[in-house]
Amino acid sequence: MHFTIQCVDKPDSLELRLATRPKHLEYLNAHKEAFLLVGPVLDGEGKPRGSLYVVDMPDRAAVEAFASGDPYAQAGLFESMVIRPMRVVFKDGQQVAG
């Protein structure tokens, strides 16, 4: 099942994000088979201000476990995190569902 994870960083937390990034990337590499799309959300100056994940995992419990295990989440980087199921209609320029 597909899910989005939308995270917003706490204000003035860029240093924490940068310090935690190596562990975060290591964590992501260990779970990359579940990703459809993952990356930082940028502010008007092009600096990271949050994260967006589109993942394919068996259920919400698996997504919640993944999200809570992220070093960014464990370091307290996020002001908010919203997990929602989604349906992929287009992928790579092709319609895959109606």
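You'll find the structure just up there.
Summary of the structure given here.

1. What about the overall build of the chain?
And then number 1: Looking only at helices and strands, one finds three helices and six strands in the chain.
And then number 2: Against the globule reference of 13 Å for 98 residues, the chain gives a C-alpha radius of gyration of 14 Å, in line with a compact fold.
And then number 3: With the C-alpha coordinates of the chain rotated into their principal frame, the extents come out at 40 × 30 × 20 Å.
And then number 4: In the chain, of all internal contacts separated by at least 6 residues, the share reaching a separation of at least 24 is 66%.

2. Focus: the pairing of strand β2 (residues 35-42)
And then number 1: The pairing of β2 with strand β3 (residues 48-56) spans seven bridges and is antiparallel. Bridge pairing in β3 places L42 opposite P48.

3. Here's the deal with helix α2 (residues 60-69)
And then number 1: Along α2, the residues that are buried comprise V63, F66, A67 and G69. Projected down its long axis, α2 shows its buried positions confined to an angular sector of 170°, all on one face.
And then number 2: Buried residues along α2 sit in contact with β1 (2-9), α1 (14-30), β2, β3, α3 (71-74) and β4 (78-86).
And then number 3: Between a side-chain oxygen at the N-terminus of α2 and the backbone nitrogen of A61 the separation is 3.3 Å; the capping residue is D59.

4. Looking at the pattern of salt bridges
And then number 1: Tallying each qualifying case throughout the model produces three salt bridges.
And then number 2: The shortest N-O distance in the salt bridge between R17 and D9 comes to 2.7 Å.
And then number 3: Residue classification places R17 among the buried residues on the basis of a relative accessible area of 4%.
And then number 4: For D9, a relative accessible area of 2% translates into the label buried.
And then number 5: Close ionic contact of E64 with R60 constitutes a salt bridge, the shortest N to O distance being 2.8 Å. Taken together, the residues span about one helical turn, with E64 and R60 both in helix α2 at a distance of four residues.
And then number 6: R60 sits in the partly exposed class, given a relative accessible area of 37%.

5. So, the packing of aromatic side chains
Two measures describe an aromatic ring pair: the distance that separates the ring centres and the angle between the ring planes.
And then number 1: For the structure on display, the rule yields four aromatic pairs.
And then number 2: Within the aromatic cluster, the residues linked to one another by ring pairs are Y27, F35, Y53 and F66.

6. Notes on the nonpolar core
And then number 1: Ranked by internal contacts, the top residues of the largest apolar core, which has 17 residues, are I5, Y53, V55, V63 and F66.
And then number 2: Those elements giving two or more residues to this core turn out to be β1, α1, β3, α2 and β4.
And then number 3: Ignoring sequence-local partners within four residues, the contact set of F66 consists of I5, Y27, L28, H31, F35, Y53 and M57.

7. Overview of the sheet that holds β4
And then number 1: Strand order across the open sheet formed by four strands is β2-β3-β1-β4, with antiparallel pairing between neighbours. The open sheet terminates on both sides in strands that have one partner only, identified here as β2 and β4. Each neighbouring strand pair of the sheet contributes to a mean axis angle of 10°, computed without reference to strand direction.
And then number 2: Each of β1, β2, β3 and β4 touches α1; the most contacted strand, β3, lies at about 20° to it.
And then number 3: Relative to β4, α2 is tilted by about 155°, and along the sheet it contacts β1, β2, β3 and β4.

Criteria and cut-off values
- Residues numbered from 1 in each chain as written.
- Predicted model: local features only at pLDDT ≥ 70, side-chain atom pairs only at ≥ 80, totals over all residues.
- Heavy atoms only, no water.
- Helix = DSSP H or I, 4+ residues; strand = E, 2+ residues; numbered from the N terminus.
- Rg over C-alpha atoms; globule rule 2.2 N^0.38 Å.
- Contact = heavy atoms within 4.5 Å.
- Pairing = 2+ DSSP bridges.
- Buried < 20%, exposed > 50% of the residue type's maximum accessible area, 1.4 Å probe, protein only.
- Arc of directions from axis to C-beta.
- Polar contact = N/O pair within 3.5 Å; in protein donor to acceptor, adjacent residues only side chain to side chain.
- Salt bridge = Lys/Arg side-chain N within 4 Å of Asp/Glu carboxyl O.
- Phe/Tyr/Trp six-rings, centres within 6.5 Å; stacked < 30°, edge-to-face > 60°.
- Core = buried A, V, L, I, M, F, W, Y, C linked by side-chain atoms within 4.5 Å.
- Axes fitted to C-alpha atoms, helices over the stretch in contact; angles between N-to-C directions.

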